[in-house]
Structures are given as structure tokens and as C-alpha cells.
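Observations on chain architecture
Spelled out, the chains give:
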Amino acid sequence: YLRQLHLHDNRGEEDEHVALGQGSIDFKSLFGLLRAAIKKPPVLTLEPHKENDLWPSIEYLERNWP
């Protein structure tokens, strides 16, 4: 029963919290799995460490979120 996702990207070197799409996490595959598995989308929590990474994350979601 997935209710919430805590999302940020990173490049695999440390817990960087960069904008979605700017790291190595394959969110498109994750979102495809979620689309197939759940009926109601979960609440999304974005946690970039820099304010400049917030809007690129929102724009990424607009393009890729089911």
C-alpha cells in the first residue's frame, strides 16, 4: 500500500539530493512500474538540498509522472 514517495536523484557517489533527471536513478522505469501496480498515485515529497534543484524536479515530473 504505497502512499508516499520521497524523491530526489543522485549520481551514486553520496546522498546528493540533486534534481530529478540529473543523477543516475532510472525514474522512468520506476514510474512505469508504479503505473502498472497501483491505481491511485501516491503523495510525492521532493527533497532537493538546493533550491535551484526544486523547479527542475517539478518540470521533470510534469514530463514523466504518470
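It should be noted that the structure appears before, not after, this text.
First, a word on scope: everything that follows refers to the structure included in this document. Computed from a predicted model, the values in this text were never measured in an experiment.

On to the side chain of Asp-9, then. Note on placement: Asp-9 falls in the loop between strand E1 (4–7) and helix H1 (27–37). This buried residue, Asp-9, is left without a salt bridge; Arg-11 holds the nearest opposite charge, at 8.0 Å. There is a polar contact of 3.0 Å between the side chain of Asp-9 and the backbone nitrogen of Gly-23. A distance of 3.3 Å separates a polar atom in the side chain of Asp-9 from the backbone nitrogen of Ser-24. Not counting residues up to four positions away in its chain, the partners in contact with Asp-9 are Glu-16, His-17, Val-18, Ala-19, Leu-20, Gly-21, Gln-22, Gly-23, Ser-24, Ile-25 and Phe-27.

Thresholds applied
Residues numbered from 1 in each chain as written. Predicted model: local features only at pLDDT ≥ 70, side-chain atom pairs only at ≥ 80, totals over all residues. Heavy atoms only, no water. Helix = DSSP H or I, 4+ residues; strand = E, 2+ residues; numbered from the N terminus. Buried < 20%, exposed > 50% of the residue type's maximum accessible area, 1.4 Å probe, protein only. Lys, Arg positive; Asp, Glu negative; His and termini not counted. Salt bridge = Lys/Arg side-chain N within 4 Å of Asp/Glu carboxyl O. Polar contact = N/O pair within 3.5 Å; in protein donor to acceptor, adjacent residues only side chain to side chain. Contact = heavy atoms within 4.5 Å.

Interpretation in functional terms is not warranted from these geometric data alone.
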